[in-house]
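Listed below are the residues making up each chain.
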Amino acid sequence: MPGERNTVQKELVLQTISAMHSHPTAEAVHDQIAQSYPSVSKATVYRNLNTLAENGKICRVAMPDGADCYDHRTDGHYHIRCISCRKVYDAQFPFMPELTERAGKEEPGFLLTGHTLIFEGICPDCRRSDGFSDMRDEQEIKKEQQSNTKGEKTNG
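**Re the nonpolar core**
Inside soluble globular proteins, nonpolar side chains tend to come together where they are buried. In terms of nonpolar packing, the biggest core is built from 14 residues, with Ile-33, Leu-49 and Ile-58 touching the most fellow members. At the level of secondary structure, the elements contributing two or more residues to this core comprise α1 (2–20), α2 (26–36) and α3 (42–54). Ignoring anything within four residues of it in the chain, the contact list for Leu-49 reads Val-13, Ile-17, Ala-26, Ile-58 and Tyr-70. By size, the runner-up hydrophobic cluster in this structure holds five residues, among which are Cys-82, Ile-83, Ile-122 and Cys-123.

Next comes the structure, spelled out in structure tokens:
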């Protein structure tokens, strides 16, 4: 029965996202599933990720300059993306639902319905392995990020 099969596949995708705890991309979710279920196609994984996100079962984390990531947490929270390894982490910074209302008052003509916030920085693992010290100032990090971005654009 097609509906039943889709339900099983959807549950498999949901369980995989929940087990990964790493804000995986659709590609990473498919790779994980394919290890045990090689017959599950990428299209099936993408379709079910979209459905799960639309239904609020998972959270899609849109990355402006990369593949979207998926999060098993659906409560209000922010994210941090490492500019070195590109991994995405949950931020400990408290979610501020009032920010949408406050911004709505400052933006005439807009009906704001929510907000997302992705901090950028260098994760502890990269700071240790890449020799980033606590003494580096924000301007130095920003310059490095900009030169990396320019290099990606010219090499891509």
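**Here's the deal with a nonpolar patch on the surface**
A cluster of nonpolar side chains, contributed by Ile-80, Tyr-89, Phe-93, Leu-117 and Phe-119, occupies part of the molecular surface with about 380 Å² of accessible area. Relative to the helices and strands, Phe-93 resides in the loop between β4 (88–90) and α4 (98–106). Judged by its relative accessible area of 40%, Phe-93 is partly exposed.

**Quick word on the confidence of the model for the protein**
Confidence in the prediction of the protein, expressed as mean pLDDT, is 86, and 83% of residues score 70 or more. Contacts of residues 1–5 to residues separated by more than four positions or lying in other chains number zero contacts, the stretch itself having pLDDT below 50.

**Structural notes on the pattern of salt bridges**
As enumerated under the stated definition, the model contains eight salt bridges in all. A salt bridge links Arg-81 to Asp-65; the nearest nitrogen and oxygen atoms lie 2.5 Å apart. On the criterion of sequence distance, the pair formed by Arg-81 in strand β3 (residues 79–82) and Asp-65 in the loop between β1 (59–61) and β2 (69–71) is long-range, its members being 16 residues apart. Assessed through its relative accessible area of 44%, Asp-65 is described here as partly exposed. With its nearest N and O atoms 3.6 Å apart, the salt bridge here joins Glu-101 to Lys-105.

Basis of the calculations
- Residues numbered from 1 in each chain as written.
- Predicted model: local features only at pLDDT ≥ 70, side-chain atom pairs only at ≥ 80, totals over all residues.
- Heavy atoms only, no water.
- Core = buried A, V, L, I, M, F, W, Y, C linked by side-chain atoms within 4.5 Å.
- Buried < 20%, exposed > 50% of the residue type's maximum accessible area, 1.4 Å probe, protein only.
- Helix = DSSP H or I, 4+ residues; strand = E, 2+ residues; numbered from the N terminus.
- Contact = heavy atoms within 4.5 Å.
- Patch = residues over 30% accessible without salt bridge, like charges linked within 9 Å, V, L, I, M, F, W, Y side chains within 5 Å.
- Areas by Shrake-Rupley, 256 points an atom, 1.4 Å probe, with all protein chains shown as cover.
- Salt bridge = Lys/Arg side-chain N within 4 Å of Asp/Glu carboxyl O.
- pLDDT = per-residue confidence, 0-100.

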